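Single-letter residue listing:
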Amino acid sequence: MSQLLTVAAEEMENPLVPPIPELVIGLIAFVIVFGFLAWKLLPNINKVLEERREAIEGGIEKAEAAQTEAQSVLEQYKAQLAEARHEAARLRQEAQEQGATLIAEMRAEGQRQREEIVAAGHTQIEADRKAASSALRQDVGKLATVLAGKLVGESLEDHARQSRVIDRFLDELEEKAEASR
């Protein structure tokens, strides 16, 4: 039975609870490893974490600086764009004014040329009318002289007398035409 009790006692021990000597040795080994890691690894970890924090903060600062610069460039761009629009509007207005001035000048020149053409036409018409009137007077005078000579039975070849008779006759016709108007 005593063997049974020893076996039962051994079985009664909790398998999850290690024996005390193993626990002490494990604890000492843990402290040694932890101390070694804290002594060797912890400064490197802290150094890497500090560099990472500085890089993040530097990145944030750079991003803020870049954003500020981008905002400044955007404002400059907007100002230049507004200035360019203003300049374009001014140039468009000048072009419209120059166009209107040019159109007015061209109209005036066209009007002047039209008046010159009309005046030249009137002058030409008047000259043609006088030439036709003169030619008509001569033709009518010759025909009238021939007809009068046949009616009277004697020749009216005296040019001076013939011209006076014809002129008097045509003047009377013109007076009657003007009076009837």
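Residues numbered from 1 in each chain as written. Predicted model: local features only at pLDDT ≥ 70, side-chain atom pairs only at ≥ 80, totals over all residues. Heavy atoms only, no water.

Looking at an unreviewed UniProt entry, the chain carries the name ATP synthase subunit b, with the source organism given as Streptomyces phaeoluteigriseus. Turning to the chain, the UniProt record has this under Sequence similarities (unreviewed entry): "Belongs to the ATPase B chain family." (UniProt positions renumbered as here; feature names shortened; annotations may be inferred.)

J.: Explain the overall build of the chain to me, and be specific about the residues and the numbers.
T.: For the chain, the helix and strand inventory stands at three helices and zero strands. For the chain, the α and β elements follow one another from N to C terminus as α-α-α. The 181 residues of the chain split such that 3% are buried. Here the chain has roughly 16200 Å² of accessible surface; of this, 63% comes from carbon and sulfur atoms. (Helix = DSSP H or I, 4+ residues; strand = E, 2+ residues; numbered from the N terminus. Buried < 20%, exposed > 50% of the residue type's maximum accessible area, 1.4 Å probe, protein only. Areas by Shrake-Rupley, 256 points an atom, 1.4 Å probe, with all protein chains shown as cover.)

J.: Describe the UniProt feature "transmembrane region" (unreviewed entry) in the chain, naming the residues involved and giving the relevant values.
T.: Residues annotated by UniProt as "transmembrane region" (unreviewed entry) correspond here to residues 20–42. Annotated as 100% helix and 0% strand, the span residues 20–42 places its first and last C-alpha atoms 30 Å apart.

J.: So, the pattern of salt bridges: which residues are in play, and what are the values?
T.: Considering all chains together, one arrives at seven salt bridges under this definition. R53 serves as the salt-bridge partner of E50, at 2.1 Å between the closest nitrogen and oxygen. Taken together, the positions of E50 and R53, both in helix 2 (residues 20–152) and three residues apart, correspond to about one turn of that helix. Since its relative accessible area comes to 38%, R53 is described here as partly exposed. A salt bridge links R112 to E116; the nearest nitrogen and oxygen atoms lie 2.3 Å apart. One end of the pair, R112, and the other, E116, are both in helix 2, four residues apart, so they sit about a helical turn from each other. A network of salt bridges, in which partner residues are shared, links E50, R53 and E57. (Salt bridge = Lys/Arg side-chain N within 4 Å of Asp/Glu carboxyl O.)

J.: Tell me about the packing of aromatic side chains, and name the residues and values.
T.: To describe a pair of aromatic rings, one takes the distance between the centres and the angle between the planes. The tally for this structure, following the rule as stated, stands at two aromatic pairs. Seen in terms of ring centroids, F30 and F34 are 6.0 Å apart; in terms of plane orientation they differ by 20°. Their pairing is stacked. Of this pair, F30 and F34 both sit in helix 2, separated by four residues, roughly a single helical turn. The exposure classification of F30 matches that of F34, with both residues exposed. The residue whose ring lies beneath K40 is W39, and the NZ or CZ to ring-centre distance is 5.0 Å. (Phe/Tyr/Trp six-rings, centres within 6.5 Å; stacked < 30°, edge-to-face > 60°. Lys NZ or Arg CZ within 6 Å of the ring centre and 35° of its normal.)

J.: Give a description of a nonpolar patch on the surface that names residues and reports values.
T.: A contiguous nonpolar surface patch, about 790 Å² in accessible area, is contributed by V33, F36, L37, W39, L41, L42, I45 and L49. Position of F36 among the secondary structure elements: in helix 2. (Patch = residues over 30% accessible without salt bridge, like charges linked within 9 Å, V, L, I, M, F, W, Y side chains within 5 Å.)

J.: So what's going on with the confidence of the model for the chain? Which residues, and what values?
T.: Chain-level statistics for the chain give a pLDDT mean of 83 and a share of 85% at 70 or above. Per-residue pLDDT, averaged within each element of the chain, yields its smallest value for helix 1 (residues 2–12) (59) and its largest for helix 2 (88). (pLDDT = per-residue confidence, 0-100.)

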